[in-house]
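If you want the building blocks of each chain, they are given just below.
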Amino acid sequence: QVQLVESGGGLVQPGGSLRLSCAASRNIFSIYSMGWYRQAPGKERELVARITNGGSTNYADSVKGRFTISRDYAKNTVYLQMNSLKPEDTAVYLCNARLSNGVAYWGKGTLVTVSS
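Remember, it's a predicted structure, so these values are computed and weren't measured experimentally.

Calculation rules
- Residues numbered from 1 in each chain as written.
- Predicted model: local features only at pLDDT ≥ 70, side-chain atom pairs only at ≥ 80, totals over all residues.
- Heavy atoms only, no water.
- Core = buried A, V, L, I, M, F, W, Y, C linked by side-chain atoms within 4.5 Å.
- Buried < 20%, exposed > 50% of the residue type's maximum accessible area, 1.4 Å probe, protein only.
- Contact = heavy atoms within 4.5 Å.
- Pairing = 2+ DSSP bridges.
- Helix = DSSP H or I, 4+ residues; strand = E, 2+ residues; numbered from the N terminus.
- Axes fitted to C-alpha atoms, helices over the stretch in contact; angles between N-to-C directions.
- Polar contact = N/O pair within 3.5 Å; in protein donor to acceptor, adjacent residues only side chain to side chain.
- Phe/Tyr/Trp six-rings, centres within 6.5 Å; stacked < 30°, edge-to-face > 60°.

Description of the nonpolar core
In terms of nonpolar packing, the biggest core is built from 31 residues, with Leu4, Met34, Trp36, Leu80, Met82 and Tyr93 touching the most fellow members. In this view, methionine 34 contacts Leu4, Cys22, Ala24, Ile28, Ala49, Arg50, Ile51, Ile69, Val78, Cys95, Asn96 and Ala97; residues no more than four positions away in its chain are not counted.

In structure tokens form, the structure reads like this:
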């Protein structure tokens, strides 16, 4: 079992920045991959960024160069630094943890609203 708690969402103006945090209930080194997904109203959930325990990362094309995923093993936390935010980044952002056996866990999400 892995419990995930997201934080850091909020309202930000276009061009602004936010940092999301995802705190895990267990040692994240033992988790195969952790990632951030987002779901906007009326749209399907999509992968934003993911990092494996080997350090490999991948990003959605729409966020490359603007978002950065990172992790802190000491805090069992994964971050998503979001810069140059656009209105189309508005969504609920959800943290995901996937174990090596394929089992996945989800947080409840944090809302990011980009608006002037």
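Regarding the sheet that holds strand β7 (residues 67-72)
Spatial ordering of the open sheet is given by β1-β3-β8-β7, a layout of four strands whose pairing is antiparallel. Of all the strands in the sheet, just β1 (4-7) and β7 have a single pairing partner and so form its edges. When the angles between neighbouring strand axes are averaged without regard to direction, this sheet yields 15°.

Examining the side chain of arginine 66
Following the sequence through the fold, arginine 66 ends up in the loop between β6 (57-59) and β7. In this structure the side chain of arginine 66 is engaged in a polar contact, spanning 2.8 Å, whose partner is the backbone oxygen of serine 62. One polar contact links arginine 66 to aspartate 89, side chain to side chain, over a distance of 2.8 Å. The contacts of arginine 66, once residues within four sequence positions are left out, are Gln81, Met82, Asn83, Ser84, Leu85, Lys86 and Asp89.

Digging into unusual backbone geometry
We note that asparagine 76 has phi near 50°; this positive angle belongs to a residue other than glycine. At serine 84, a position not held by glycine, the phi torsion is positive, near 50°. Mapped onto the elements, serine 84 comes out in the loop between β8 (77-82) and β9 (91-98).

Some thoughts on the pairing of β7
The pairing of β7 with β8 spans six bridges and is antiparallel. Counted as the bridge partner of aspartate 72 is threonine 77 from β8. If you look at the hairpin formed by β7 and β8, you'll find four residues sitting between the two strands, and asparagine 76 has a positive phi there, around 50°.

Looking at the environment of valine 112
Structurally, valine 112 is set in strand β11 (residues 110-114). Taking the C-alpha atoms as reference points, valine 112 and serine 84, separated by 28 residues in sequence, lie 13 Å from one another. Discounting residues that sit within four places of it in the chain, valine 112 has contacts with Gly9, Gly10, Leu18, Leu20, Met82, Asp89, Thr90, Ala91 and Tyr93.

Things to note about the packing of aromatic side chains
Each aromatic ring pair is summarised here by two numbers: the centre-to-centre distance and the angle between the ring planes. For the structure shown, the criterion picks out two aromatic pairs. Ring geometry for phenylalanine 29 and tyrosine 73: centres 5.5 Å apart, planes at 75°, overall edge-to-face. Taken together, the residues span a long stretch of sequence, with phenylalanine 29 in the loop between β3 (18-24) and β4 (33-39) and tyrosine 73 in the loop between β7 and β8 at a distance of 44 residues. For tyrosine 73, a relative accessible area of 33% puts it in the partly exposed group. Measuring from centroid to centroid gives 4.9 Å for tyrosine 37 and tryptophan 106, while their planes differ by 70°, and the two rings are edge-to-face. Taken together, the residues tyrosine 37 in strand β4 and tryptophan 106 in strand β10 (residues 104-106) connect sequence positions 69 residues apart. Looking at tryptophan 106, the relative accessible area reads 36%, which means it is partly exposed.

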